[in-house]
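Topology and contacts: notes
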Amino acid sequence: MTRAVRAARIVVAAVLPAELALVVCVAAGVRLPAPALAAAEAVVFGVLLLEAWVLHRLYATARAAGGEEPRAALRTAVRAVVPVQVRRLLRHELHAGASLGWWVLRRKHGVRPGDLAAAYTGPQTAMTYGMVFVSVVETVALALLIPWPAVHRVVLVLDVYGILLVIALHAACVTRPHVVGADGTLRIRYGALFDLAVPPDAVASVRVERRYPEGRLVTLSEDGVLDLIVGGQTTVTLELNRQLTFTRPLGARASASTVRFHADDPRALVSALRQPA
């Protein structure tokens, strides 16, 4: 069974990009040769059959061995077959797409009455809109320069999807701010990519401290300092009295004893966090 699961994971990793390319071509109106389209669909159908068989075997094994509930057994089977990176990426895109609706409705995710919502999108807003503007200009320019209709349609679909994805990721950041709960719990977030809940009894100290660290969005040093960087900066330093475990954007787990992150109004966040619950 282990070999079957491994084969299913390899096949998914190999076929998904090809299927995505096929969907883009069809959505763009590209006319594919009938034999090529039939062969591609046959391969996809075979992969789906393999995935269904492996999932069924894993589901039945989980139900028989541990007596799990149907939903829990199905979740166990999916986790065994689908790589965590793929699950996380799909989850991020779905949440980002849903955030567009939250953004239009001017609603915040996970913010209850009495909570403080702390925005953090200030340093990246201008850059995000700049990327959208450049992408729109690029789309128009390519539409004028590319002489082949089929290629133009594929590029147009990809460009429009890229623009929507950038806007959706920014919307996820706007609608998912940091949250200081009425009970003193701090929730540090970056869109749908990062979410760390810090209980009140884990906070040793918190202060306003503007820093300009280098690295990616989530950077962890060897001494357990986690930097959640927005626009090349952090403005709040949170010292913990014990290590907290967090999940990286692609699913890896790590621990940190100090968290540095950005808030547009760091003094308000620090003041709310210092207030007794």
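Here the structure is shown first, and the text comes after it.
The structure reproduced in this document is the subject of the present report. Owing to the predicted nature of the structure, the values given are computational and were not obtained by experimental measurement. (Residues numbered from 1 in each chain as written. Predicted model: local features only at pLDDT ≥ 70, side-chain atom pairs only at ≥ 80, totals over all residues. Heavy atoms only, no water.)

A few points about the packing of aromatic side chains
By the definition in use, this model includes two aromatic pairs. With 5.8 Å between their ring centres and 35° between their planes, Tyr120 and Tyr190 make a pair best called tilted. Placement of the pair is Tyr120 in the loop between strand S1 (116-118) and helix H5 (122-145) and Tyr190 in strand S3 (residues 186-190), with a sequence separation of 70 residues. Ring centres 5.8 Å apart and planes at 55° place the aromatic pair Phe194 and Phe246 in the tilted group. Separated by 52 residues along the polypeptide, Phe194 in strand S4 (residues 194-198) and Phe246 in strand S8 (residues 234-247) bring together distant segments of the chain. Accessibility assignment for this pair places Phe194 and Phe246 in one class, buried. Between Arg107 and the ring centre of Trp102, over which it is positioned, the NZ or CZ distance is 4.8 Å. (Phe/Tyr/Trp six-rings, centres within 6.5 Å; stacked < 30°, edge-to-face > 60°. Helix = DSSP H or I, 4+ residues; strand = E, 2+ residues; numbered from the N terminus. Buried < 20%, exposed > 50% of the residue type's maximum accessible area, 1.4 Å probe, protein only. Lys NZ or Arg CZ within 6 Å of the ring centre and 35° of its normal.)

Examining helix H7 (residues 266-274)
One full turn of an α-helix is made of 3.6 residues, so residues set three or four places apart face in the same direction. The set of residues buried in H7 consists of Pro266, Leu269, Val270 and Leu273. Burial along H7 is one-sided: seen end-on, the buried residues are contained in an arc of 95°. Residues of H7 that are buried sit in contact with S1, strand S2 (178-180), S3, strand S5 (203-211), S8 and strand S9 (253-261). (Arc of directions from axis to C-beta. Contact = heavy atoms within 4.5 Å.)

Points about the sheet that holds S3
Within the open sheet, the four strands sit side by side as S1-S2-S3-S4. Their pairing is antiparallel. Unpaired on one side and paired on the other, S1 and S4 mark the two borders of the sheet. The average angle at which neighbouring strand axes cross in this sheet is 15°, direction not considered. Sheet topology note: the S1/S2 ladder contains three bridges and is antiparallel. Note that in S2 the partner of Leu116 across the bridge is Val180. (Pairing = 2+ DSSP bridges. Axes fitted to C-alpha atoms, helices over the stretch in contact; angles between N-to-C directions.)

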